[in-house]
Amino acid sequence: MIPLITANVGQEVSLVIGTGSSIDKLGLVKNRVRTLLSSGGNVVVVNASFQEHWKQLEQEFAGIAEVRMLYRDFQLPDLTTLGRSVVSRVVDRVFVNLPLEQDPQLKHIYNQCVKMRIPINTFHRPEFSTFNMIPTYVDPKGSGLQIAVTTCGQGYLLANRIKREIVSHLPANISDVVINMGKLKDHIINEDMKVLIKEKYMETDLSKPTLGYGLDEDGWESHKFNRLIHEFDMTEREQREKRVRWLSQVMEYYPLTKLADITMQDLEGHSIKATKSSSEPKSTLPVEKPSTDGSTDQHIDKKVKIDVGTICKKNQRGTISLVGSGPGSLSMLTLGALNEIKTADVILTDKLVPQTVLDIIPKDTETFTARKFPGNAERAQEELLQKGLEYLAQGKKVVRLKQGDPYIFGRGGEEFNFFSNHGYEPAVLPGISSALAATVVSKIPATQRAVADQVLICTGTGRKGALPQVPEYVSTRTTVFLMALHRVDTLVKVLLEKSWDPEVLVAVVERASCPDQRITRTKLKYLTSVVEEIGSRPPGLLVIGNATGVLLPEKSVTFNESCKYHIDEGYRAFELDTDYLIPKLS
């Protein structure tokens, strides 16, 4: 028996047979009819158990063209005569609620439905059902949002309660979010994708599609979500695909409540505006094309020219801090970082800073999110630095909020030099790096006597997207690769060419310390195929070394061709009362 999530069923016809075993139990049938109608379907009711049921059904559904009532007993030909003409009059699904004394007829109905492959659900009789209904929330504003919960028969009331809990925690503007994202997606399909098809870009090599993050909710190739784009050397096809790729990243990374305000301009190269403020300073700084020689520090410092003295108010100078927000869990946020967040005038944040951290930003604090999408990282970095200078010139306290630790592959040193060279030396607050937190939340001791006596943290993406020099293999080392999952096939190939042990254990740690954390364990030789199979849940990193399995039962880290990986889902964070730790500000 499979679950059925109510979807838009169009003009499909559902046949309801029987209305309950007692005269006072008609509520189930009424609710079912309402649910089917809300999904756009048609309903035929036949074989009412009591005359009083007919009267109540007529009172509630009279005048509704999509509801048809047949005042007679069920007949077997009803299965093949009451449906839509497009499917030769076969009904689309059957719901049965007959008294026990009619079991012989029920068995006959069930067998016939099975033979004709008509889905059938019998109330409280799983042995006569091929599907079961799931408690489903349908957005009353018609956005298309549906949330369904199942406990696989362990408790329908419990599933309903869990559904209510989920719905109660949705943002108040969730309908606007879904509607806006749908409009942008449709616009992009109608413009960009039609051009790609017309110009035959989509036909160049269908065996190796590059989109990978497409538009289906359950069929997109998420392992290509952050596929490497050479920012200053994009092909024409990559330029065409840019907006849909950026939209996918916006949906995945940006604060949920903010998605209702994203526009096509935001996906065409303009900045995504700061929020939580009635106004935003207009940029007066020149934007020059970045250097192509890879000298990021130099071209950033030279291109921005601003006369602070003509803008800054007398006796009022802004301050800036580079703050590490840790890997995601509030329990891993330092008190210093929390104080900076609570006292900032403006927060410049990276898109990877988790929602749990963004949620503690005071409502009246202006927030600007970096637009670092594939193919736009350098330009977005320039934009962020310019914003910082503008706010500083207005005498504001600016917090540059970064995931993990600012100095662990977070451009913290570059940003320190940039602001210092313009007269604002930042205060730097360390954060727990995901490179180290990921090992702890994955039950991996980065160092372990007789197993691992050293730790190495590497990046998988160097300047201009190049693969950095790969270290030699050391059997007693735990190696952590950041920013590598988008090119895992290339990385694994190079590691094996450099004589890394193909049998060494690997852990793919994604969204470390967040509620949707995922840990996948495998062997190095299987890593590429495993990532392609399970997809990607960025941000993620790789932990490679023999320490990866020392705290786990041997059976959970034993892999072969028939069992290549093992996945652990979820993370239960410690509760952190930020209002208790930091007094509310006036």
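Residues numbered from 1 in each chain as written. Predicted model: local features only at pLDDT ≥ 70, side-chain atom pairs only at ≥ 80, totals over all residues. Heavy atoms only, no water.

As named in an unreviewed UniProt entry, the protein is Uroporphyrinogen-III C-methyltransferase, taken from Nakaseomyces bracarensis. Under the UniProt heading Sequence similarities (unreviewed entry), the note attached to the protein is "Belongs to the precorrin methyltransferase family." (UniProt positions renumbered as here; feature names shortened; annotations may be inferred.)

A. Focus on the pairing of strand β18 (residues 518-523). With six of six residues buried, β18 lies mostly within the body of the structure. Side chains of β18 alternate between two faces, with Arg518, Thr520 and Thr522 and Ile519, Arg521 and Lys523 buried alike. Summarising the sheet, strand β17 (residues 505-510) and β18 pair through six bridges and their orientation is antiparallel. Looking across to β18, one finds that Val506 is bridged to Thr522. (Buried < 20%, exposed > 50% of the residue type's maximum accessible area, 1.4 Å probe, protein only. Helix = DSSP H or I, 4+ residues; strand = E, 2+ residues; numbered from the N terminus. Pairing = 2+ DSSP bridges.)

B. Summary view of the side chain of Ser442. With respect to the secondary-structure elements, Ser442 resides in the loop between α14 (434-441) and β15 (454-459). Among residues more than four places away in sequence, those in contact with Ser442 are Val509, Ile519 and Arg521. (Contact = heavy atoms within 4.5 Å.)

C. Structural detail: the nonpolar core. Grouped together as the largest cluster of nonpolar side chains are 20 residues, with contacts concentrated most on Leu15, Ile17, Leu79, Val91, Val94, Val96 and Ile109. Among the secondary structure elements, those contributing two or more residues to this core are β2 (13-17), β3 (42-46), β5 (93-96) and α4 (103-116). A total of four residues in this core trace back to one element, the largest contributor, which is α4. Non-local contacts of Val91, meaning those with residues more than four positions away in its chain, are made with Val13, Leu15, Asp78, Leu79, Leu82, Gly83 and Ile118. Membership of the second largest hydrophobic core comes to 19 residues, among which are Val488, Leu491, Val492 and Val508. (Core = buried A, V, L, I, M, F, W, Y, C linked by side-chain atoms within 4.5 Å.)

D. The sheet that holds strand β10 (residues 319-324), seen in detail. If you walk across this open sheet you meet the five strands as β12-β11-β13-β10-β14, and the pairing is parallel. Each edge of the open sheet is held by one strand with a lone partner, namely β12 (366-369) and β14 (427-429). Looking at each pair of strands side by side, their axes are set apart by 20° on average, direction ignored. Bridge count between strand β11 (residues 346-349) and β12: four bridges; the pairing is parallel. Within β12, the residue paired with Ile347 across the bridge is Thr367. (Axes fitted to C-alpha atoms, helices over the stretch in contact; angles between N-to-C directions.)

E. Seen up close, a nonpolar patch on the surface. Judged by side-chain polarity, Leu158, Ile162 and Ile166 come together as a nonpolar surface patch covering roughly 230 Å² of accessible area. You can see Ile162 is positioned in helix α5 (residues 156-168). (Patch = residues over 30% accessible without salt bridge, like charges linked within 9 Å, V, L, I, M, F, W, Y side chains within 5 Å. Areas by Shrake-Rupley, 256 points an atom, 1.4 Å probe, with all protein chains shown as cover. Salt bridge = Lys/Arg side-chain N within 4 Å of Asp/Glu carboxyl O.)

F. Representation of the pairing of strand β16 (residues 477-482) in the model. With respect to burial, β16 is a largely interior element, six of its six residues being buried. In terms of strand pairing, β15 meets β16 through six bridges, oriented parallel. Looking across to β16, one finds that Ile457 is bridged to Val480. For β16 and strand β19 (residues 540-544), the ladder comprises four bridges, and the chain directions are antiparallel. When the sheet's bridge partners are listed, Thr479 is paired in β19 with Ile544.

G. The arrangement of unusual backbone geometry in detail. The amide bond that connects Pro538 to the next residue, Pro539, takes the cis arrangement and shows omega of 0°. Structurally, Pro539 can be placed in the loop between α16 (527-534) and β19. Positioned with a positive phi, Asn47 is a non-glycine residue whose angle comes to about 65°. As for its placement among the helices and strands, Asn47 is situated in the loop between β3 and α2 (51-61). Residue class for Asn47 comes out buried when judged on its relative accessible area of 6%. Phi is positive for Ala450, close to 75°, though the residue is something other than glycine. Residue Ala450 is classed as exposed on the basis of its relative accessible area of 88%.

H. Main features of helix α15 (residues 488-497). Of the positions making up α15, those classed as buried are Val488, Leu491, Val492, Val494 and Leu495. Summarising the axial view, the buried residues of α15 lie within an arc of 165°, below the 170-degree limit, and thus occupy one face. Summarising the geometry of α15, the exposed residues directed more than 90 degrees from the buried face are Lys493 and Glu497. At the C-terminal side of α15, Ser499 shows a positive phi close to 70°. (Arc of directions from axis to C-beta.)

I. Structural detail: the pattern of salt bridges. Counting across every chain of the model gives 22 salt bridges. The salt bridge partner of Lys564 is Glu561, with a shortest N-O separation of 3.9 Å. Under the relative-accessibility criterion, Glu561 is labelled exposed at 57%. The network of salt bridges with shared partners includes Asp350, Arg400, Lys402 and Glu415.

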